[in-house]
Amino acid sequence: MEYSALVFLLVDPFAIEENYAFDVQPSQIMELGPGDASDISLLAVVTLPADRGQLPTVNLQGPLVINFKTRYAKQVVSGDDQHAVRRPLDLEKLVA
């Protein structure tokens, strides 16, 4: 089913946290179809606030692994709490 109005704001988690590290198993990448390492990317989902004046948050514990060659993606959730699910994010700093 296609949802033309469904949109996700995604950011590079490595640009958010200097020491960000996330383990993705080879089997999880293989589920997304054939591709080279350059076809695979890890992006984090941003949640925009309901109230004006609050910061958006980014989910660093459950990023999306995307194969841009096959156009398949999946969310991979870490079993540890090393990274926050709702880390405050100043979008202004990303575009500066």
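Note: the structure precedes this text.
Report follows, based on the coordinates. Computed from a predicted model, the values in this text were never measured in an experiment.

Moving on to the pattern of salt bridges. Going through the model one piece at a time under the given rule, you end up with two salt bridges. Of the charged contacts in the structure, one is a salt bridge between Arg87 and Glu17, with a shortest N-O distance of 3.2 Å. Here the residue Arg87 occupies a position in strand 6 (residues 87-88), and Glu17 occupies one in the loop between helix 1 (13-16) and helix 2 (26-30), the gap between them amounting to 70 residues. Among the residues examined, Arg87 registers a relative accessible area of 25% and is labelled partly exposed. Accessibility expressed as a relative area gives 23% for Glu17, which makes it partly exposed.

Looking at the element boundaries, Asn67 is found in strand 4 (residues 64-67). Using a relative accessible area of 0% as the deciding quantity, one classes Asn67 as buried. At 3.3 Å, the side chain of Asn67 and the backbone oxygen of Pro34 are in polar contact. When sequence neighbours within four positions are dropped, the list of residues in contact with Asn67 reads Leu32, Gly33, Pro34, Gly35, Asp39, Ile40 and Tyr72.

A few words on the environment of Ala84. Tracing the sequence through the fold places Ala84 in the loop between strand 5 (72-75) and strand 6. The residues touching Ala84, leaving out its near neighbours within four places in the chain, are Val58, Asn59, Leu60 and Gln61.

Here we come to the pairing of strand 4. Here strand 4 shows a buried face lined by Leu64 and Ile66 and a second buried face lined by Val65 and Asn67. Examined bridge by bridge, strand 2 (residues 40-47) and strand 4 share four bridges and lie antiparallel to one another. The partner of Leu42 across the bridge, within strand 4, is Val65. Here four bridges tie strand 4 to strand 5, and the two strands are oriented antiparallel to one another. Residue Asn67 lies in a different strand from strand 5, and its bridge partner there is Tyr72. Counting the residues that bridge the hairpin from strand 4 to strand 5 gives four residues, and of these Arg71 lies at a positive phi of roughly 65 degrees.

Below, the discussion takes up the environment of Val46. Note on placement: Val46 falls in strand 2. Taking relative accessible area as the criterion, Val46 reaches 8% and is therefore assigned buried. Once the C-alpha coordinates of Val46 and Asn59 are considered, the two residues, 13 residues apart in sequence, prove to be 6.5 Å apart. Those residues in contact with Val46, other than ones at most four positions away along the chain, are Leu9, Val11, Pro56, Thr57, Val58 and Leu89.

Cut-off values and rules
Residues numbered from 1 in each chain as written. Predicted model: local features only at pLDDT ≥ 70, side-chain atom pairs only at ≥ 80, totals over all residues. Heavy atoms only, no water. Salt bridge = Lys/Arg side-chain N within 4 Å of Asp/Glu carboxyl O. Helix = DSSP H or I, 4+ residues; strand = E, 2+ residues; numbered from the N terminus. Buried < 20%, exposed > 50% of the residue type's maximum accessible area, 1.4 Å probe, protein only. Polar contact = N/O pair within 3.5 Å; in protein donor to acceptor, adjacent residues only side chain to side chain. Contact = heavy atoms within 4.5 Å. Pairing = 2+ DSSP bridges.

Treat this as a map of the structure, not an account of what it does.
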